[in-house]
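Topology and contacts: notes
Next come the chains, spelled out residue by residue.
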Amino acid sequence: MAHTRRIQIILVVEADPISRTDAPYYSWILKNHFTRYVSSGVQSDLKIVYDFVYMAGYGNYRSSRVKREIRSFQSSFPKGDTYVVYCLDYDNKGNDTKKRLSEIEEYCASLDYSFCLSYPEIEHVLCNARNGVSKVDAVAIFKRHYPKKNEIDEASLFCERETLASKKGQTNFGRAILAILKKVA
């Protein structure tokens, strides 16, 4: 087999660096739907190394700390290209949310970062709607009872950005990763 190329994907998530509640959900998607790229026991000509930057709230999307952490991951990965994916929750359909998301999406576009949304939250996409439970408790439940790959509708993970908010439990995260894979192909 030819030399395996490696790329790094930095996932910038809303969670705080202490609770790290978003990481298990995005890791589950990568491990279950991009297995050949992230699993060490699978032969592939391309491997994805991924890490998380925790914003501690969407308002910190361009804070100096977040920028510094992204740069730190980039500089520590000299063996391949690095791609940044901002992963946010849509939360609600209000005008303030649309304005905020539009600002962040423009910011990402200006830096050639990918932009991913989950509606209303990533928990809903992976059938772990919180129903009044804290994010920390919800992710603990998720980690104790990971769903099987076929229990999550694949279409909900590869949703079009434009139709994302039409139905609860959707994300364009899968499409964002596919777009990166297409760039490196």
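Preceding block: the structure.
Keep in mind that this is a model prediction, so the values were computed, not measured. (Residues numbered from 1 in each chain as written. Predicted model: local features only at pLDDT ≥ 70, side-chain atom pairs only at ≥ 80, totals over all residues. Heavy atoms only, no water.)

Glancing now at the overall build of the protein. In terms of helices and strands, the protein carries eight helices and five strands. Ordered by position from N to C terminus, the α and β elements of the protein give β-α-α-β-α-β-α-β-α-α-α-β-α. Here the C-alpha radius of gyration of the protein, 16 Å, is about what a compact globule of 185 residues would show, namely 16 Å. C-alpha atoms of the protein, sized along the principal axes, occupy 50 × 40 × 30 Å. A burial count over the protein gives 47% of its 185 residues as buried. Within the protein, contacts between residues at least 6 apart in sequence are counted, and of these 70% link residues at least 24 apart. Looking at the protein, you have 28 positive and 22 negative side-chain charges, and the mean spots of the two groups are 4 Å apart. (Helix = DSSP H or I, 4+ residues; strand = E, 2+ residues; numbered from the N terminus. Rg over C-alpha atoms; globule rule 2.2 N^0.38 Å. Buried < 20%, exposed > 50% of the residue type's maximum accessible area, 1.4 Å probe, protein only. Contact = heavy atoms within 4.5 Å. Lys, Arg positive; Asp, Glu negative; His and termini not counted. Charge placed at Lys NZ, Arg CZ, Asp CG, Glu CD.)

Another aspect to go through is unusual backbone geometry. Residue Pro120 is bonded to the preceding Tyr119 through a cis peptide linkage, with omega at -10°. Tracing the backbone shows Pro120 in the loop between strand S4 (114-119) and helix H5 (122-125). One non-glycine residue with positive phi stands out, namely Asp112, at about 60°. Of note, Asp112 is situated in the loop between helix H4 (95-110) and S4. Judged by relative accessible area, which is 58%, Asp112 ranks as exposed.

A few words now on helix H6 (residues 135-144). Along H6, the residues classified as buried are Ala138, Val139 and Phe142. Seen from one end, H6 has its buried residues packed into an arc of 95°, which puts them on one side. For H6, the elements touching its buried residues are helix H1 (23-33). (Arc of directions from axis to C-beta.)

Of all eight residues making up strand S3 (residues 82-89), seven are buried, and the element is well covered by its neighbours. Pairing geometry for S3 and S4, over five bridges, is parallel. Each residue of the ladder has a partner; that of Tyr86, found in S4, is Phe115. The parallel pair S3 and S4, bridged by H4, forms a crossover whose chirality is right-handed. (Pairing = 2+ DSSP bridges. Right-handed = clockwise from strand over helix to strand, strands pointing away.)

A word on the sheet that holds S4. Strand order in this open sheet of five strands is S2-S1-S3-S4-S5, and the pairing throughout is mixed. The outermost strands of the open sheet, each flanked by one partner alone, are strand S2 (46-54) and strand S5 (170-171). The sheet contact formed by strand S1 (residues 5-13) and S3 spans six bridges and is parallel. Within S3, the residue paired with Leu11 across the bridge is Val85. Along the sheet, H1 contacts S1, S2, S3 and S4; its crossing angle with S2, the most-contacted strand, is approximately 170°. (Axes fitted to C-alpha atoms, helices over the stretch in contact; angles between N-to-C directions.)

We now examine the side chain of Ser156. Mapped onto the fold, Ser156 is located in helix H7 (residues 154-157). Residue classification places Ser156 among the buried positions, given a relative accessible area of 7%. Not counting chain neighbours up to four residues away, the residues in contact with Ser156 comprise Val125, Gly169, Gln170 and Thr171.

Turning next to the environment of Cys116. By secondary structure assignment, the location of Cys116 is in strand S4. Remark: the alpha-carbon pair of Cys116 and Leu11, spanning 105 residues in sequence, is separated by 9.8 Å. Among all residues touching Cys116, those that are not within four sequence positions of it are Tyr26, Val85, Tyr86, Cys87, Leu88, Thr171, Asn172 and Phe173.

The values are spatial; any link to function lies outside them.
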